[in-house]
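# Coordinates in review
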Amino acid sequence: MTATPATPLDLSDLSVGQELARTRHEISRDTLVRYAGASGDFNPIHYNDTAATDAGLPGVIAHGMLTMGAAVTGLLDAVGDPTAVRAYSVRFTNPVPVPATGHVVLETVAVVGAIDESAGTARVDITAQVDDTKVLGRARATIATTAGAPADGQVGAA
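Because the structure is a prediction, the values reported are computed rather than measured.

### Describing helix H1 (residues 29-39)
Along H1, the positions that sit buried rather than exposed are Arg29, Leu32 and Ala36. Burial along H1 is one-sided: seen end-on, the buried residues are contained in an arc of 50°. Exposed positions of H1 whose direction lies more than 90 degrees from the buried face are Arg34, Gly37 and Ala38. Buried positions along H1 lie against strand S2 (19-28), helix H2 (49-54) and helix H3 (64-79). Where H1 ends, the next residue or the one after it, Gly40, has phi of about 80°, a positive value.

### Observations concerning the pattern of salt bridges
Summed over all chains, the structure comprises 6 salt bridges. Between Asp125 and Arg123 there is a salt bridge, with the nearest N and O atoms lying 2.8 Å from each other. Take Arg123: its relative accessible area is 28%, and that puts it in the partly exposed class. Residues joined in a network through salt bridges with shared partners are Arg123, Asp125 and Arg140.

### Re the pairing of strand S6 (residues 133-144)
Across 6 bridges, the pairing between strand S3 (residues 85-92) and S6 is antiparallel. Of the residues in S6, the one forming a bridge with Phe92 is Leu136. Pairing geometry for strand S5 (residues 121-130) and S6, over 9 bridges, is antiparallel. Residue pairing for S6: Gln129 is matched across the bridge by Lys134. Between S5 and S6, which pair antiparallel and follow one another directly, the connecting turn spans 2 residues, one of which, Asp131, has a positive phi of 55°.

The rules behind these values
- Residues numbered from 1 in each chain as written.
- Predicted model: local features only at pLDDT ≥ 70, side-chain atom pairs only at ≥ 80, totals over all residues.
- Heavy atoms only, no water.
- Buried < 20%, exposed > 50% of the residue type's maximum accessible area, 1.4 Å probe, protein only.
- Helix = DSSP H or I, 4+ residues; strand = E, 2+ residues; numbered from the N terminus.
- Arc of directions from axis to C-beta.
- Contact = heavy atoms within 4.5 Å.
- Salt bridge = Lys/Arg side-chain N within 4 Å of Asp/Glu carboxyl O.
- Pairing = 2+ DSSP bridges.

The structure is reproduced here in structure tokens:
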């Protein structure tokens, strides 16, 4: 993974439209094997081309949760404190095909979409794409911009 910011952001001084992070994640079949071992998700569509095409997919695809997790890492690094992320959700719009050799590149950009000063939070919109294909839709995180902003406990796919 490559990311832009090297130091944590000053979350008290955000502005709508501000880019918080930009990342590139190389995903290979080796990445899928490692993720399957860590997550326990051994669905054959993530490692067997025949199983994937029999399921109507273009070939082996990355795990959705791997894609979702990779997409938020730049924001987590930029914020510097993972507890500042109060909610995170995505919609899976397209699969991420992973070739038998080589890798695909998941590119993500996190931008401030809205600020709620009274709640002490900001909505961060994350775009995630492989080549020119958007793979996550409505990828949004809520971050606390001030200490003590309430946590709503929402993390997941919509």
